[in-house]
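# Commentary on secondary and tertiary structure
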Amino acid sequence: MPQAIVMPKLGNTVESAIILTWHVGVGDPVETGETLCEIETDKATVEVESSASGILLARFFEAGDEVPVMQNIAIVGREGESFDLLSPVSAAPAEHVTPGESYDHSDGKPDEEVFISPRARNLAARKGIDYNEIEGTGPDGRIIERDIRALIDQGVKMSPVAKAMLESGEYQIADERAVDKRITKSDLTPSSPAASPELKAIPLTGVRRTIAKRMLESLQTTAQLTLNASADATSLQDFRARLKSSDDALGLRGVTINDLLLFAVARTLPAFPELNALYVNDRILKHSRVHLGLAVDTPRGLLVPVIRGADALSLRALSYEAKRLADACRSGDIMPDELAGGSFTVTNLGGLGIESFTPILNPPQVGILGIGSINLKPVERDGAVAHVAHIGLSLTVNHQVVDGAPAARFLAQLCKNIASIDLLLAL
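Because the structure is a prediction, the values reported are computed rather than measured. (Residues numbered from 1 in each chain as written. Predicted model: local features only at pLDDT ≥ 70, side-chain atom pairs only at ≥ 80, totals over all residues. Heavy atoms only, no water.)

On to the nonpolar core. Judged by nonpolar contacts, the single largest core of 57 residues is most densely connected at Leu275, Leu292, Phe344, Leu369, Leu393 and Leu395. Other than its neighbours up to four places away in sequence, Leu395 contacts Leu225, Thr226, Leu227, Leu275, Phe344, Ile368, Leu369, Ala407, Phe410 and Leu411. Counting 26 residues, the second largest nonpolar core, distinct from the first, contains Cys37, Val48, Ile75 and Phe83. (Core = buried A, V, L, I, M, F, W, Y, C linked by side-chain atoms within 4.5 Å. Buried < 20%, exposed > 50% of the residue type's maximum accessible area, 1.4 Å probe, protein only. Contact = heavy atoms within 4.5 Å.)

Those residues of helix 5 (residues 234-244) not exposed but buried are Leu236, Phe239, Arg240 and Leu243. On an axial view of helix 5, the arc spanned by its buried residues comes to 105 degrees, and they lie on one face. Looking at the buried side of helix 5, the elements it contacts are helix 6 (257-268), helix 7 (315-331), strand 23 (384-398), helix 8 (404-419) and helix 9 (421-426). (Helix = DSSP H or I, 4+ residues; strand = E, 2+ residues; numbered from the N terminus. Arc of directions from axis to C-beta.)

What follows concerns the sheet that holds strand 4 (residues 35-40). Pairing is antiparallel in the open sheet, where four strands are placed in the order 5-4-2-7. Here the strands that pair on one side only, and so sit at the sheet edges, are strand 5 (45-49) and strand 7 (66-68). Here the average twist between neighbouring strands, direction ignored, is 40 degrees. Both strand 2 (residues 16-22) and strand 7 contribute to a ladder of three bridges, which runs antiparallel. Paired with Ser16 across the two strands is Pro68, which belongs to strand 7. (Pairing = 2+ DSSP bridges. Axes fitted to C-alpha atoms, helices over the stretch in contact; angles between N-to-C directions.)

What follows is about unusual backbone geometry. With an omega of 10 degrees, the peptide bond between Pro363 and Pro364 qualifies as cis. Among the structural elements, Pro364 can be located in the loop between strand 21 (344-348) and strand 22 (367-381).

On inspection of all chains with the given rule, the structure shows nine salt bridges. With its nearest N and O atoms 3.2 Å apart, the salt bridge here joins Glu81 to Arg78. The class of Glu81 is buried, set by a relative accessible area of 17%. The partner of Glu321 in a salt bridge is Arg324, with the nearest N and O atoms 2.9 Å apart. On the criterion of helical spacing, the pair formed by Glu321 and Arg324 is a turn pair, its members being three residues apart in helix 7. Linked through salt bridges whose partners overlap, the residues forming this network are Glu321, Arg324 and Glu338. (Salt bridge = Lys/Arg side-chain N within 4 Å of Asp/Glu carboxyl O.)

Attention shifts here to the pairing of strand 21. For strand 21, a buried count of four out of five residues is recorded, marking the element as mostly surrounded by other parts of the structure. Where strand 21 and strand 22 come together, four bridges link them in parallel fashion. Residue pairing for strand 22: Thr345 is matched across the bridge by Ile368.

A few words on the sheet that holds strand 22. One open sheet accounts for six strands, arranged 14-23-22-21-17-20; its pairing is mixed. Whereas interior strands pair on both sides, the edge strands pair on one side only; in this sheet they are strand 14 (224-232) and strand 20 (306-307). Alignment of strand 17 (residues 292-294) against strand 21, held across three bridges, turns out to be parallel. Note on strand 21: the bridge partner recorded for Leu292 is Phe344. Against the sheet, helix 5 engages strand 14, strand 22 and strand 23, with an angle of about 95 degrees to strand 23. Sitting on the sheet, helix 8 touches strand 14, strand 21, strand 22 and strand 23, and the angle it makes with strand 14 is about 25 degrees.

As structure tokens, this is what we get:
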């Protein structure tokens, strides 16, 4: 009996995933547990394994397609088995074991199917051709690319150069009225910016598309206020140096400046519950524990894993968890649930030499802290000017629910805790 392979549900917040690549072709044998394809959610990259052994009878979606979770994406069974009842309603016509080009439905109407190859459909869309009444010349009467090109050529005179440019797919007729005369090179225009040799069109997919959407929504749906300050980093640097030279058995040599800052934030937030909160449906949801989001730069884009219960972790445990999550993000092994549920976020650009910046909120969170670089700052000490190492801090809050004064008090207390990080660790 044929078995459907479904798009897995990866976490409570994931509604769809994009197929990155197929590892098995239609007609190939597969074994239970064998990787069929790789998929990408807005949070992670995951391998989809076969749940049955047999032949891959059909693939309902191809690389680049975005598919809802729990949707059938492929069929595994014995050669010759029927699987029509397992075909997803919303899928494009599948690639089956039957030899030949894959089919597309022109309008998705099952009672008026028009079979057309993807290349022919794309060409028709670019040229504005209605192919519903065309009689295809391909196998089984399907419409193929030459049928669309023949329709384009009917009654239209054009120079050989113009014809070649038009057939390349990179150009289109600039003025539709030009079809009433002989079309030359001057009547054509690039069909898209990508046709220019200086430009390359890159579609937004996966994580990058999600980032673009959420950043815009963040600015459109919240009233963001950013406060900037700097904290004395002398103790921070001294304590880091002591950790680096500590006994290896203590497991503290790998603790970084960023780990110390995460520790300071996690221990400061409980006293400011209005910052450790979410704003959802006109309600403020204050967390009793600190679930600290950590912005991580990856080849796929920005990911924010969550250190759960960060306020209760020791410095060593917090450092370990931060590194584990960051490594999982960069390798693509991060689980979707590890990227959800944060109550406050920290993003650090200090390593790139940025002194201060305006971090963008990660709704429904109401606060995010940006960390800048450490620089010498002139301060007055005993009537003289001294240059002291300071680290830049930029706090963005949702001014809809957090006023400037409590935000400033949190930032001031955080600066004090960073300046006396060794005392904070003793609490």
